[in-house]
Amino acid sequence: MSALRAYDEVIEFIAEANPGKVLAFRPSESAKQRVSDLIYQEKTTGLSAEEKAELDHYMWLEHVMRMAKARARQLMKA
């Protein structure tokens, strides 16, 4: 049995709150554009420390949401 990761409780909470809404969630066009701009800037001119932190936080949140969506799919099937 694998060890429980510290953030698994949060993922479970998000998924259980409303699995349908979790699955339906999509970032806004402006959020997607901001991330796209940050990624482009990172590859070309570089990012300030604040911009790098913003991009890192977004990527982490995207990972958490993917995991929550996977759990929500399991809950919807059950």
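The preceding data block contains the structure.
Predicted, not measured: the structure shown is a model, and the values here were computed from it.

## Topic: the layout of surface pockets
Right, so step 1: The space that makes up the largest pocket amounts to roughly 220 Å³.
Right, so step 2: Lining the largest pocket we find F25, R26, P27, Y58, L61, E62, M65, R66 and K69.
Right, so step 3: For the lining of the largest pocket, the class distribution of residues is five nonpolar, no polar and four charged.

## So, the packing of helix α3 (residues 29-44) against helix α4 (residues 49-77)
Right, so step 1: Between α3 and α4, the shortest axis-to-axis distance is 10 Å and the interhelical angle comes to 125°. If you check the angle between α3 and α4, you find them oblique. The two elements α3 and α4 meet at a crossing, and its hand is left-handed. Here R34, V35, L38, I39, Q41 and E42 of α3 come into contact with α4, specifically with E51, K52, E54, L55 and Y58.
Right, so step 2: When grouped by side-chain class, the residues that make up the contact of α3 with α4 number five nonpolar, one polar and five charged.

## As for helix α1 (residues 8-17)
Right, so step 1: Turning to α1, its buried residues are D8, I11 and A15. End-on view of α1: buried residues confined to an arc of 60°, all on one side of the axis. Exposed residues pointing more than 90 degrees away from the buried face of α1 are listed as E9, F13 and A17.
Right, so step 2: Tucked inside the fold, the buried residues of α1 contact α2 (19-24) and α4.

What counts, and where the lines are drawn
Residues numbered from 1 in each chain as written. Predicted model: local features only at pLDDT ≥ 70, side-chain atom pairs only at ≥ 80, totals over all residues. Heavy atoms only, no water. 1 Å grid on protein atoms, 1.4 Å probe; cavity = no way out; pocket = protein on both sides within 12 Å on 5 of 7 lines; lining within 4 Å. Points joined across faces, edges and corners; volume = space filled by probe spheres on them. Nonpolar A, V, L, I, M, F, W, Y, C, P; charged D, E, K, R; others polar. Axes fitted to C-alpha atoms, helices over the stretch in contact; angles between N-to-C directions. Helix = DSSP H or I, 4+ residues; strand = E, 2+ residues; numbered from the N terminus. Parallel < 35°, antiparallel > 145°, perpendicular 65-115°, else oblique. Left-handed = near helix turned anticlockwise from the far one by under 90°. Contact = heavy atoms within 4.5 Å. Buried < 20%, exposed > 50% of the residue type's maximum accessible area, 1.4 Å probe, protein only. Arc of directions from axis to C-beta.

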